[in-house]
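# An overview of the molecular structure
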Amino acid sequence: QKAQVMAAEPKHLLKPRGAPLGAVKTREELQSFVGRPDDVPDSLKLARDESGLSDEYHFKDKAKHRKRTQEVAKQNQAKKRADSRNKRKERRANRAAKTDELPDFF
């Protein structure tokens, strides 16, 4: 068995939102070569199996990852809204404090 392997610099790799682990987009390819998956050392195969990250993992948990990224997006949006509300409150308080500090002749 042979597999085409592409090499790229890390700065040219992007992980799409909601994509499973290991899925990336590349902006610029450095080089391409042929790899043989069967030639992987046994110690690396065992480590991969122990980690629980196998090919089946990517396919069955894709919806789970998408749901997590949607939840994170909602949390970030809620946090931004809360921050903007707090900033508005601070500005209003600062304006009120400035009007209290004006001299009597105004």
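Look above for the structure.
The following paragraphs examine the structure supplied in this document. Here the structure is a predicted model, which means the values were calculated and not measured. (Residues numbered from 1 in each chain as written. Predicted model: local features only at pLDDT ≥ 70, side-chain atom pairs only at ≥ 80, totals over all residues. Heavy atoms only, no water.)

### So, the overall build of the protein chain
The condition that has to hold: For helices the rule is a DSSP run of H or I covering at least 4 residues; for strands it is a run of E covering at least 2, with both sets numbered from the N terminus onward. Residue burial is assigned from relative accessible area. The probe radius is 1.4 Å, only protein chains are included, and a residue is buried under 20% of its type maximum, exposed over 50%, and partly exposed in between. Using a 1.4 Å probe, the Shrake-Rupley method yields the accessible areas, and only the shown protein chains count as cover for residues.
Each helix and strand in the protein chain was counted, giving 3 helices and 4 strands. Helices (α) and strands (β) of the protein chain occur, in sequence order from the N terminus, as β-β-β-β-α-α-α. Counting all 106 residues of the protein chain, 8% fall into the buried class. Here the protein chain has roughly 9,700 Å² of accessible surface; of this, 50% comes from carbon and sulfur atoms.

### What to know about the pattern of salt bridges
Condition: Salt bridges are defined as contacts in which a side-chain nitrogen from Lys or Arg sits within 4 Å of a carboxyl oxygen from Asp or Glu.
Across all of its chains, the model carries 1 salt bridge by this definition. Across the salt bridge formed by E9 and K11, the nearest N and O atoms sit 3.9 Å from each other.

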